[in-house]
Amino acid sequence: MEKWALMEVMRNHEGIFENVSDKIWEFAEIRYHEFQSADLLCQTLKEAGFQVTRPIAGIETAFVGEFGSGKPVIGFLGEFDALPNLSQKADLTRKEAIKEDACGHGCGHNLLGVGSLEAACAVKKMIEAGRFHGTVRYYGCPAEESGAGKGFMVRAGVFHDVDICLTWHPTDQNGVMQNALANMRMFFEFHGISAHAGAKPYMGRSALDAVELTNVGCNYLREHIIPEARLHYAVTNTGGTAPNIVQAYAEEIYCIRAPKLDQLEEIFGRVCNVARGSALMTDTRLNSISCGCFIFPTASLKKVNPTCNTKNATTKAAIYSILPCPNGCSLSAGLLAILTPIKLMIDEPASDKLLNASAITEILCIIIPIVIFIKNNKTLQKMPTILARIP
């Protein structure tokens, strides 16, 4: 299989995909509201000859485009959601919003989704040319940023027959990522009693006090968790802007990260206990809402390609690095990898008519630098606990 033939196909159509990426940059839609972006990607898939199914998993902005038949089934993951308050004019090295407080693509998902789409279209061209048989799918995955869109797609069985899924992320290096931190997110809502803070403060029960106490407690907790773990929070509702009123409602979101699933569960439980204690101290009522769960298995790239070593990996036409995950980073694609075990054997020779796993790795390592993979392992036994927390 000629890798450079794939690259040539991509070069011949790069203008189309650049235009799609620019439009998604302009749309800049937040999680589960990526309607224009999903419309454009589905239209592009249809024009390229894919059969498109939308919605999937009960999510209006989730979809799949498919071409071909039979095995192997190769999936490409496309993300296209933006982040809040990151509106930015293109082609500038300084901060300048298109619209203040609007969303923007601070994580490059305008590139991510379109890059995966371009890769899927290139593989489709090779199938059409008779270079191999199989099925290529493009999965439109909404709400990667704090919304766990892939978690709902996994639970709905969207990936049940996929042999391998590939994705990538814009960065300053070309390589294959080995691991990432597991990640769970939780909203803490505190309900209190409003009162006049000057006349009768003793009649009130401050929800904002509960938020502040939770953050103080978790900041003390940092000393007593493993150094590789991370705790982040943001206050999403202070209960109002009037200082002379006891706030009856306040809300915040917590993000907890750790290298291993059991570490994540243990720290997550301790953070929840801090929030419960804050509610007890302030005589307020706590409501906890799980809003996301990312898990990425740590595994050696040698399970994918025995020729890889800790410095670099060499193929016939490309050299790429084995990258450790940037400190503190998490990938929602890891949840898919664990729940949908990927059977990837690379020691079988590629035939002329069948793209086997060895050929997949060999062909696509140029255009998709992150290979998501896992075989059946003990982590699967722990997944029901995590899935139970996905609303």
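Refer to the structure presented above.
Now for a description of the structure that goes with this document. (Residues numbered from 1 in each chain as written. Predicted model: local features only at pLDDT ≥ 70, side-chain atom pairs only at ≥ 80, totals over all residues. Heavy atoms only, no water.)

Moving on, we come to helix 6 (residues 207-221). Between its terminal C-alpha atoms helix 6 stretches 21 Å, which fits the 21 Å expected from 15 residues at 1.5 Å a residue. What helix 6 keeps buried is the set Ala207, Leu208, Ala210, Val211, Thr214, Asn215, Cys218 and Leu221. The buried residues of helix 6 occupy an angular sector of 160° when projected down its axis, which confines them to one face. Tucked inside the fold, the buried residues of helix 6 contact strand 7 (182-191), strand 9 (230-237), strand 11 (249-258) and helix 7 (261-282). Sitting at the amino-terminal end of helix 6 is Ser206, which places a side-chain oxygen 3.3 Å from the backbone nitrogen of Leu208. (Helix = DSSP H or I, 4+ residues; strand = E, 2+ residues; numbered from the N terminus. Expected span 1.5 Å × (residues − 1). Buried < 20%, exposed > 50% of the residue type's maximum accessible area, 1.4 Å probe, protein only. Arc of directions from axis to C-beta. Contact = heavy atoms within 4.5 Å. Polar contact = N/O pair within 3.5 Å; in protein donor to acceptor, adjacent residues only side chain to side chain.)

How two helices sit against one another is set out by the angle between their axes and by the gap between those axes. In the contact formed by helix 6 and helix 7, the axes pass within 8 Å of each other and the chain directions differ by 140°. As the angle between them shows, helix 6 and helix 7 are arranged oblique. Between helix 6 and helix 7 lies a crossing whose hand is right-handed. Packed against helix 6, whose contacting residues are Asp209, Ala210, Leu213, Thr214, Gly217, Cys218 and Leu221, the element helix 7 presents Arg270, Val271, Val274, Ala275, Ser278, Met281 and Thr282 at the interface. Residue classes in the contact of helix 6 with helix 7 are distributed as 8 nonpolar, 4 polar and 2 charged. (Axes fitted to C-alpha atoms, helices over the stretch in contact; angles between N-to-C directions. Parallel < 35°, antiparallel > 145°, perpendicular 65-115°, else oblique. Left-handed = near helix turned anticlockwise from the far one by under 90°. Nonpolar A, V, L, I, M, F, W, Y, C, P; charged D, E, K, R; others polar.)

Bringing a negative patch on the surface into the picture now. Taken together, the side chains of Glu14, Glu18, Asp22, Glu26 and Asp91 define an acidic patch exposed on the protein surface. With respect to the element layout, Asp22 can be found in helix 2 (residues 14-27). (Patch = residues over 30% accessible without salt bridge, like charges linked within 9 Å, V, L, I, M, F, W, Y side chains within 5 Å. Areas by Shrake-Rupley, 256 points an atom, 1.4 Å probe, with all protein chains shown as cover. Salt bridge = Lys/Arg side-chain N within 4 Å of Asp/Glu carboxyl O. Lys, Arg positive; Asp, Glu negative; His and termini not counted. Charge placed at Lys NZ, Arg CZ, Asp CG, Glu CD.)

Throughout the structure, instances matching the rule amount to 6 aromatic pairs. Measuring from ring centre to ring centre gives 5.8 Å for Phe188 and Tyr254, while their planes differ by 55°; the resulting arrangement is tilted. With a gap of 66 residues between them, Phe188 in strand 7 and Tyr254 in strand 11 connect regions that are remote in the sequence. Under the relative-accessibility criterion, Phe188 is labelled buried at 1%. Owing to a relative accessible area of 0%, Tyr254 belongs among the buried residues under this scheme. The residue whose ring lies beneath Lys124 is Phe67, and the NZ or CZ to ring-centre distance is 4.7 Å. (Phe/Tyr/Trp six-rings, centres within 6.5 Å; stacked < 30°, edge-to-face > 60°. Lys NZ or Arg CZ within 6 Å of the ring centre and 35° of its normal.)

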